[in-house]
Each structure stands twice: as structure tokens, then as C-alpha cells.
Amino acid sequence: MGRVRTKICGIGSVADLNVAVQAGADALGVIVGITHVSEDELSAPRAREVCSAAPAFISTVLVTHLPDPDEILHLAETIGVDTIQVHGDGVSADSMRKLWHRRRSLRIIRTVHVTGPCAIDAAREAATAAHAVLLDTRTTARLGGTGRTHDWRIRANPWRFLRSGHDHDIRCSRAAGSGQRADLRCQRLAADLFTTRPTLAATRSGWWT
């Protein structure tokens, strides 16, 4: 398996950003515009301040639940990111196509929430208007950052048809930050990455403490 790149989401400050960069993150996500619970949401001006501090070769990602492509593109321009992650579950296929055709130089990531084998068809559809597909686990209240896993056997092989690969979403909580439990969590993560062979591992901020 080649090198797995890392995106850390929920960056809330320049201090968070600096720690993530020092830890080796390839991409940094700011959450702006939510429809479900997220303690990491920022205002657009605050997100712009954070993203402007990113080093030149680190990708900045707008993570949003919003369904309207015009509003999403306006946010991306205001904040100054190079990538949009459409994380909401209310975005229609037509809206994604509109976003895709109007993206200019922006990269598009589409989240698919894995609730069963039907996610394969959803990912196939998502890949027609995205550079990459992120596979995530949701709850009723949260669209991401749940700390839960889905059945990774669903995603192990069928995803290779996707144009740009897929993401592997793992949240390492503060409680797992030290000691034997953290070691076991890291061993499990390494095994899961080997099994699913993703392009990018996405995690929520706070994993390094």
C-alpha cells in the first residue's frame, strides 16, 4: 500500500492548525455551515483567518453541510480554500453537478454515509461529480466526527472503480490519547488501513492530545 495522506478536520484556531501541520497533516478542514451537531463550526471570517495561516503546500478544505451550490461556492471564495467537502446528506445530484461545473480550480470531495451495501451505488453516483469520495459514519444527530465505524468489508474492494480513491474516516478521541488503549487503537487503525487501502485518512481535530 502506498502512502496514506491525512486530513484533519475541525481545525478551530491557528494554534490547532500549527499543531496539525507539525504532526504531518496533508490537508486541514474547517467546518462552516452546518445542519447537524458540530462543536467545531466556525464563522466564515474566523475560518478565513485560520486558513490564511496554512503553509503553501498544505490543502485547506471547506467542510459544509449546506445543500445550495451557490452558497457553498460563495463560502469557499470568502474563506479562500482550495477544496470543498460536501458533507451534508440533503444535496441533490443536480446540485452536485452544478457545483462540479462551476468549481473552477476548486477540488470537490463528496461524503457518502455508509449505512449498508446501498452505499456502493451512492458512491458510484457521487464519483461522477467529485474528485474524491469520503466514506463516513453518521448518527441521527451528527453527520461526522461520531467516533463510530461502519462495516469496512463493504468498502474493501468495490471502491477501486472510483476515479480518485476514497477516504477512511477515523476519529481518535482525547480519551484514547495515551497508554495501552491508545496503542491498541493505533494497531487497529493500521490493520484497517491495510485492509481498505484508502487514499486519504480523515480524522477529527483533538486526536493528537
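Let me sum up the structure you'll find in this document. All values derive from a computational prediction rather than experimental measurement.

### Overview of the side chain of R110
Thought 1: Topologically, R110 is positioned in strand β5 (residues 107–113).
Thought 2: Those residues within four positions of R110 in sequence are excluded, and the remaining contacts are V86, H87, G88, V91, M96, A126, A130, A132, V133 and L134.

### Here's the deal with unusual backbone geometry
Thought 1: Positive phi outside glycine occurs at R104, with the angle close to 60°.
Thought 2: As for its placement among the helices and strands, R104 is situated in the loop between α4 (93–101) and β5.

### Looking at helix α2 (residues 44–51)
Thought 1: For α2, the complete set of buried residues consists of A44, A47, V50 and C51. Axial view of α2: buried residues confined to an arc of 120°, hence all on one face.
Thought 2: Tucked inside the fold, the buried residues of α2 contact α1 (14–22), β2 (27–31), β3 (59–64) and α3 (69–79).
Thought 3: Two to three positions downstream of the cap, the backbone nitrogen of R46 sits 3.2 Å from a side-chain oxygen, assigning the N-cap of α2 to S43.

### Structural notes on the nonpolar core
Thought 1: Of all hydrophobic cores here, the largest spans 33 residues; its most connected members are I11, L28, V30, I79, I84 and L99.
Thought 2: Per-element accounting of this core gives the leading share, five residues, to α3.
Thought 3: With near-sequence residues (within four places) excluded, I84 lies in contact with V61, L62, I72, L73, A76, L99, L106, R107, I108 and I109.
Thought 4: Listed in part, the eight residues of the second largest apolar core include A119, A123, A126 and A127.

### Observations regarding the packing of α3 against α4
Thought 1: Between α3 and α4, whose axes approach to 9 Å, the crossing angle comes to 35°. At the point where α3 passes α4, the crossing takes the right-handed sense. Contact residues: α3 offers P69, D70, I72 and L73, while α4 offers S95, K98 and L99.

### What to know about the environment of A53
Thought 1: Relative to the assigned elements, A53 resides in the loop between α2 and β3.
Thought 2: On the basis of relative accessible area, A53 is assigned to the partly exposed category, the value being 33%.
Thought 3: Counting along the chain gives 38 residues from A53 to A15, while the straight-line C-alpha distance between them is 9.7 Å.
Thought 4: Sequence-distant contacts of A53, that is, excluding residues within four places in its chain, are made with V14 and L17.

### Examining the environment of A25
Thought 1: If you trace the backbone, A25 turns up in the loop between α1 and β2.
Thought 2: Given a relative accessible area of 5%, A25 falls into the buried group.
Thought 3: Considered as a pair, A25 and K7 are 18 residues apart in the sequence and their alpha carbons are 5.9 Å apart.
Thought 4: Setting aside its immediate chain neighbours within four residues, A25 contacts T6, I8, A20 and I58.

### Overview of α3
Because each turn of an α-helix spans 3.6 residues, side chains separated by three or four positions end up pointing in the same direction.
Thought 1: Within the span of α3, buried status applies to P69, I72, L73, L75, A76 and I79. The arc that holds every buried residue of α3, seen down its axis, measures 160°, which confines them to one face. Exposed positions of α3 whose direction lies more than 90 degrees from the buried face are H74 and E77.
Thought 2: Those residues of α3 that are buried are in contact with β2, α2, β3, β4 (83–86) and α4.
Thought 3: A distance of 3.2 Å separates the backbone nitrogen of D70 from a side-chain oxygen at the start of α3, and that oxygen is part of D68.
Thought 4: A positive backbone phi angle near 90° is found at G80, which sits one or two residues after α3.

Reading the values: rules and limits
- Residues numbered from 1 in each chain as written.
- Predicted model: local features only at pLDDT ≥ 70, side-chain atom pairs only at ≥ 80, totals over all residues.
- Heavy atoms only, no water.
- Helix = DSSP H or I, 4+ residues; strand = E, 2+ residues; numbered from the N terminus.
- Contact = heavy atoms within 4.5 Å.
- Buried < 20%, exposed > 50% of the residue type's maximum accessible area, 1.4 Å probe, protein only.
- Arc of directions from axis to C-beta.
- Polar contact = N/O pair within 3.5 Å; in protein donor to acceptor, adjacent residues only side chain to side chain.
- Core = buried A, V, L, I, M, F, W, Y, C linked by side-chain atoms within 4.5 Å.
- Axes fitted to C-alpha atoms, helices over the stretch in contact; angles between N-to-C directions.
- Left-handed = near helix turned anticlockwise from the far one by under 90°.

In short, geometric facts, not functional conclusions.
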